[in-house]
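Summary of the model geometry
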Amino acid sequence: MAAPVNIIVGSHVWVEDPTLAWIDGQVNRIDGQDVHVQTTNGKKVVANISKVYPKDTEAPPGGVDDMTKLSYLHEPGVLQNLAARYELNKIYTYTGNILIAINPFQRLPHLYDTHMMAQYKGAALGELSPHVFAIGDVAYRAMINEGKMSSILVSGESGAGKTETTKMLMRYLAHLGGWSGVEGRTVEQQVLESNPVLESFGNAKTVGNNNSSRFGKYVEIQFDESGRMSGAAVKTYLLERSRVCQISNPERNYHCFYLLCAAPPEEREKYKLKSPESFHYLNQSKCYKLDGINDAEEYLATRRAMDIVGISEEEQEAIFRVVAAILHLGNIEFSEGKEIDSSVIKDEKSWFHLNTTAELLKCDPKSLEHALIKPLMVVHKEVITRTFDPEAALGSRDALAKTVYSRLFDRLVERINISIGQDPNSKAKIGVLDICGFENFKHNSFEQFCINFTNEKLQQHFNQYVFKMEQDDYKKEQINGSYIEFVDNQDVLDLIEKKSGGIIELLDEACKFIKGTHETFARMLYQTYGKDKRFIKLKLPLCSNFTISHYAGEVTYLADLFLDKNKDYVVAEHQDLLTASKCPFAAGLFPALPEESSKSSKLSSSIGSRFKQQLQSLMDTLSSTEPHYIRCVEPNSVLKPGIFENLNVMQQLRCGGVLEAIRISRAGYPTRRTFDEFLLRFGVLAPEVLDGNADEKAACQKILVKMGLKGYQLGKTKVFLRAGQMAELDARRAEVLGNAARTIQRQIRTYFARKDFVLLKKAAIQLQSCWRAMSACNLYEKLRREAAAALRIQKNFRCFTARISYSALQDSAMIVQTGMRAMTARGEFRFRKQTKAAIKIQAHLRGHREHSYYRNLQKAAIVTQCGLRGRVARKELRSLKMAARETGALKEAKDKLEKKVEELTRRVQFEKRLRTELEETKAQEIAKLQEALHSVQIQVEDANAARKAIEEAPPVIKETPIMVQDTAKIDELSSEIESLKENQDLLIKCISQDLGFSGGKPIAACVIHKCLLHWRSFEVERTSVFDRIIQTVASAVEVHDNNDGLAYWLCNTSTLLMLLQHTLKASLTPHRRRSSSASLFGRMSQGSPQSAGLSFLNGRMLGKLDDLWQVEAKYPALLFKQQLTAFLEKIYGMIRDNLKKEISPLLGLCIQAPRTSRSSLVKGWPIGHWQSIVKSLDNYLKIMKANYVPPFLVRKVFTQIFSFINVQLFNSLLSRRECCSFSNGEFVKSGLAELEQWCCYATEDYVGSAWDELKHIRQAVGFLVIHQKPKKTLNEITNELCPVLSIQQLYRISTMYWDDKYGTHSVSADVIPSMRVMMTEDSNNSVSRPFLLDDDSSIPFSVDDLSKSMHQVDVADVEPPPLIRENSGVSAESK
């Protein structure tokens, strides 16, 4: 980064800090190149001016969405912006088209729900807040609209959230594609289900991560021509094969080995496995277990995941047999044989592991032994047998293990791809690459070398993409950017992969030497690259380590194990051995080679060469697609939310290439401002430019020319400034503002000085006036004394003369006055007489008028006082009711619980009594039947005796009357039963129709109640009429799916339930008197109301309900009441949910004001969506009024609907920053006014307290439209303005607030920290609660509440329907 300019005393700057990376402060003094800075934490720091960077004091407190918008694009500015956004849970930030994702280490469900997916669908990049969905949408739109295949590269350290980010990307692409795979599982679900299998066989513990992926995964999602997801393929790259045979402490081998060692005992016995400490491939490190991980449970989870993926039990057994064979293969050791350069199996233990390996792989043990120590070699078309020494035999053993494991991993990936399913005809694809980031540990070996080589390749691709993006931006703005230097890392790549003399090439060459060692390899490196600036040789003696200067820093590699880890040759005997295996799975891993390949003794290759080929294949794939980059960052090393470690984040940004992208941006024009933003900030530098009518571009040009800047460029819409020019303009602006401040201060001081001068001048003038007055008084007194004598003489003479004249004049005047006074007195007397009479008349008239006015005024005062007192009384009554509801809530809950307990007690006693009565009834019936049987036997005996007597007696003819009483009763009972069935059928047919209402009472409910009461159905032990009525109601509800039909049955069920509540009672007495006619024939003899058909409905036989006593209900009646209650709740819920579904889309349009120009904001808001909601509410109210739904239920419906509106609006306000604006608050407030006006129109009888349910959104909107938010204290906000809102909700609104209308600010800077402290205390006290509200969908009433709120219905006044009247009339006439 270039050295900053215009650092002066008083400037706010950033300086380096060993703990915080960068810390801000203010410059106190500048001594040449040394700058003295007072930091914000109280320290004094001296730094070189080249390492001091300016700070943007006008940056928004919540940071910017795109860091290319920063005024100062440098490391401390980027770090501060990310920290500010992370503190507000804004984990995504753009750097141009690059997305930086910081792991929050906590669940943020509101960021990834379907509502958020719908927001980003089709939105342009940068239109909404940064999100991983935006990157996925850009890739999808480019594929659909332009036919471009895209790839999304997700990279970062272990624990940075790469896997979770990949999951979110695939979820969004599945949301856009919308295709389901086999068995109802989406492609996204199938790919994610394969993760546990791949993690078990491809992840291992490293120094920095317990679950580090040791391979790269590229998921290719396929789409058809219509843009629907049609398939997917998982491709793996760069598997770390050397880890199978060699690991270092404290790392572990691949997870699958440890999981198999922790399998159930019968599994381990089958594979002859013991603890991990007993296997050579595992005991090279002392780490066998991971904290918090149970390998036995993970083994079972892996088996379940393999079942889900579609791997059969046979395949699973074969896979783990191969894994166990690799472990046993690593325990085979060799010793020197009798011949030179020969080897044999070392001991019995090694023979055991060799036989076990052969048994598991189902191959010949002898063939395995020969393949390891006696391979065949073809020399001049002759096959000869050669022998390996122990060291070469170990290499052959390890080569076999690495080859088998590598091919096993490839087979698993192939099986997973078969399970997912691919579309071979797909031409539209989007790839998601998840690969490990740059690694630099204390000890770095061949694995880190390969991973860092991969990241160097990806970094070159990334730099080219960023450079191209910069060039595209310059072309879009039509400016020249050709002189920008692009620093490429091709020299590092040539150092590693150059075909002639690269590190990989030299490594392969060293591996070919029979006696090659790491010292040989190191000498080759030192001789070849001793003078290369990217290659650094350590100066320690006898050291074979070397250092490479990567783009992210220098990394020192240990060359000790490079040769061993690079060897990866396939021996032909190994190929033949496993091809001939009797295990189909093992043989399938090694298909037969072509004939010319099988003749060679050894198929030579190396891991480095194979790694380079796979990497080149990956780069070819990425180069053929449009790249998109997501850099995942781990904010802290303790993996906890809310902690941001600057040094850790800075290192990751450097390793991820983000700072390199910033360096490329700074090489060109790092500061870019639109014309209006530039004029708004720097217009004070040339006020005369803003006074004219020139366009914005010309005005910006004049300002830059006046400031004397060079190297800048003006695009079509933006000003492009070179590095340091923004700081220079800010310094000039600070100077202009400082001069203006000094001018204002000078004028103020002049004003106060002149004011003091004017006051002093007035005091001096007043003092001079008093002194001159005293001098004049003294002079006057002196002159008066000198002229006293002359004045006295003149006075006496003039007095004498004047007295004579006055006496003569007085005499004449007295004569004239006497006459005139007499005449005047007479006239005055007459006038006074007339005036007295007029006054008396006026007095009477005014008295009458004032008395009338007083009476009217008194009446008006009385009327006004009555109205005012009534208003005060009603207000006090409402407050008392509210207090009573609040204080009685607990008592009401207690009463409800007591009622439930009593009801349960009654039900238990009732069931006991029913059992007792049933047993008594059975006993009595049995006794009666025995008596009847005994009497019949006696009659039969008498009849037999009489017959014998008749036969013996002489023939006498005599007529005897036959008793047919019982036969008549039986016929009458049969006819009565048939009549009852006909009446029930008629009732069911009648109520299945819409009977309407009679005087506001539902006819169907009244008819049902009359019939059941008349038939005494409530008192019988068994009847089917209740089930038939319930079935009729159920079918009617299913048929009437419109709201009118639901409201009709809601009124009928509630009325019938109220009638049953007043009519039925459960009998709790242990015994009941039975009438003598309780039997069938007894009831027939007394007569039954059922015999009258339905004629009772036409008359007044039943009377009012109040005149009847309660009926002791049997169990069928009580069950019918419970079923009816359930149907009432179901119909209520259907009406409520229908209304919610109708207004839910409108609420989504009502939460955010429509986008209009700034000049149109003052003309009022369009409230068409709010009026649509009011129209829906009014429509439902009219429907329920038309069907006479009880006002109690109507109030409950609208109370829950208003609560739903409150939850939806308030949650949307908290979840979306664009909604927390001043103008949006005014828009929502105008909509709430429409709802309030409708509540007044609908009256309190039908609305009740529904308006109070909007308290959250009302207080939140009221807070948004306050102009003086910075002047409000925390106490005023929480206790006066928003007492209902929690501190989390207030904190979120305050931090998300922005004003696009008046430019007002949020709460003061002191209130935000106080809120944060209170939230911390709440979380420590375990009283923290989520800031989003929950919708209550329960039934808010009971049967007792309903019956108490409804008026009693007089069923006697309800006329029966025509169908029953006609039938009952016929029945009555026939009877």
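Because the structure is predicted, anything quoted here is derived from the model rather than measured. (Residues numbered from 1 in each chain as written. Predicted model: local features only at pLDDT ≥ 70, side-chain atom pairs only at ≥ 80, totals over all residues. Heavy atoms only, no water.)

**Section: the state of the cysteines**
The final tally for this structure, using the stated rule, is zero disulfides. Residue C256 stays outside any disulfide, its sulfur separated by 9.7 Å from that of C261, the closest cysteine. (Disulfide = S-S within 2.5 Å.)

**Observations concerning the pairing of strand β8 (residues 150-156)**
Summarising burial for β8: seven of the seven residues are buried, a large majority. Pairing of β8 with strand β23 (residues 626-633), which is carried by six bridges, proceeds in the parallel orientation. Within β23, the position partnered with S151 by the bridge is P627. (Buried < 20%, exposed > 50% of the residue type's maximum accessible area, 1.4 Å probe, protein only. Helix = DSSP H or I, 4+ residues; strand = E, 2+ residues; numbered from the N terminus. Pairing = 2+ DSSP bridges.)

**Details of helix α19 (residues 572-579)**
In terms of burial, α19 is a largely internal element, six of the eight residues being buried. The set of residues buried in α19 consists of A572, E573, H574, Q575, L577 and L578.

**Side note on the pattern of salt bridges**
Taken as a whole and judged by the stated rule, the model has 33 salt bridges. Linking E220 and K429 is a salt bridge whose minimum nitrogen-to-oxygen distance equals 3.7 Å. Note that E220 is positioned in strand β11 (residues 216-223) and K429 in strand β17 (residues 428-436), a separation of 209 residues in sequence. In this structure K429 comes out as partly exposed when scored by relative accessible area, which is 23%. Beyond isolated ion pairs, a larger network of salt bridges with shared partners links R214, E240, R243, E251 and E439. (Salt bridge = Lys/Arg side-chain N within 4 Å of Asp/Glu carboxyl O.)

**Thoughts on helix α9 (residues 295-309)**
In a regular helix each residue adds 1.5 Å, so 15 residues correspond to 21 Å; α9 covers 21 Å between its end C-alpha atoms and thus fits that length. Along α9, the residues classified as buried are D295, Y299, T302, R303, A305, M306 and V309. Viewed end-on, α9 has its buried residues packed into an arc of 160°, placing them on one side of the element. Residues of α9 that are exposed and point over 90 degrees away from its buried face: E297 and R304. Measuring from the side-chain oxygen of the N-cap residue of α9 to the backbone nitrogen of A296 gives 3.0 Å; that N-cap residue is N294. (Expected span 1.5 Å × (residues − 1). Arc of directions from axis to C-beta. Polar contact = N/O pair within 3.5 Å; in protein donor to acceptor, adjacent residues only side chain to side chain.)

**Quick word on the packing of helix α38 (residues 1191-1215) against helix α40 (residues 1255-1264)**
The geometry of α38 relative to α40 is characterised by a closest axis approach of 8 Å and an angle of 40° between their N-to-C directions. Judged on the interaxial angle alone, α40 and α38 are oblique. Along this stretch, α38 crosses α40, giving a crossing that reads as left-handed. Judged by residue contacts, N1206, L1209, F1210 and L1213 of α38 engage K1255, H1256, I1257, A1260 and L1264 from α40. (Axes fitted to C-alpha atoms, helices over the stretch in contact; angles between N-to-C directions. Parallel < 35°, antiparallel > 145°, perpendicular 65-115°, else oblique. Left-handed = near helix turned anticlockwise from the far one by under 90°. Contact = heavy atoms within 4.5 Å.)

**Some words on the sheet that holds strand β5 (residues 53-54)**
Taking strand neighbours across the sheet as the criterion, the five strands line up as β4-β3-β2-β1-β5 in an open arrangement whose pairing is antiparallel. The sheet is open, and its two edges are formed by β4 (44-48) and β5, each paired on a single side. Sheet analysis places strand β1 (residues 12-17) next to β5, joined by two bridges and oriented antiparallel. Bridging across to β5, V13 finds its partner in P54.

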